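Each chain, written out:
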Amino acid sequence: MDIQPDDEFVTVLMTAPGGGVAEAIAQTLVTERLAACANVVRDVVSLYRWEGEVRRDSEELIILKTTADGLAPLESRALELHPYDVPEVIALPIRGGHGAYLDWIRDEVG
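Everything quoted here is computed from the prediction, not taken from an experiment.

Q: Could you clarify how one ought to interpret the packing of aromatic side chains in this entry?
A: This structure, assessed with the given rule, holds 1 aromatic pair. A centroid spacing of 5.4 Å and a plane angle of 35° characterise the contact between tyrosine 101 and tryptophan 104, whose relative ring orientation is tilted. Taken together, the residues span about one helical turn, with tyrosine 101 and tryptophan 104 both in helix 3 (residues 99-108) at a distance of 3 residues. Classification of tyrosine 101 as partly exposed rests on a relative accessible area of 35%. For tryptophan 104, a relative accessible area of 32% puts it in the partly exposed group.

Below, the structure written as structure tokens:
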């Protein structure tokens, strides 16, 4: 396996409601070439503090792969599409990976 350390790529984590909302957001971001790939993980239980109380919700987790340069446009578009007042959009640097996969991300974004 060809492992390449690189800060050129990021993984973005975003939660969203179910019922097709998460998948619609993911589909749009990939279709518009803001992400190379999106995984939608269903049945995520989220516990969080909001407006002074601890809440529990069933959500879906969207895992997106994009480039560092593509992060700002992805975030901007995701915020337009997302129904939450304060959606989770967290970017984690990809510190290494299979070279051909990273090349594929680069080719698909933008």
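Q: I tried to follow the side chain of threonine 11 on my own but got confused; where do I start?
A: Relative to the elements of secondary structure, threonine 11 occurs in strand 1 (residues 9-16). According to the relative accessible area criterion, threonine 11 is buried, its value standing at 17%. If sequence neighbours within four positions are ignored, threonine 11 has contacts with Ile63, Leu64, Lys65, Ile90, Ala91, Leu92 and Ile94.

Cut-offs and rules
- Residues numbered from 1 in each chain as written.
- Predicted model: local features only at pLDDT ≥ 70, side-chain atom pairs only at ≥ 80, totals over all residues.
- Heavy atoms only, no water.
- Phe/Tyr/Trp six-rings, centres within 6.5 Å; stacked < 30°, edge-to-face > 60°.
- Helix = DSSP H or I, 4+ residues; strand = E, 2+ residues; numbered from the N terminus.
- Buried < 20%, exposed > 50% of the residue type's maximum accessible area, 1.4 Å probe, protein only.
- Contact = heavy atoms within 4.5 Å.

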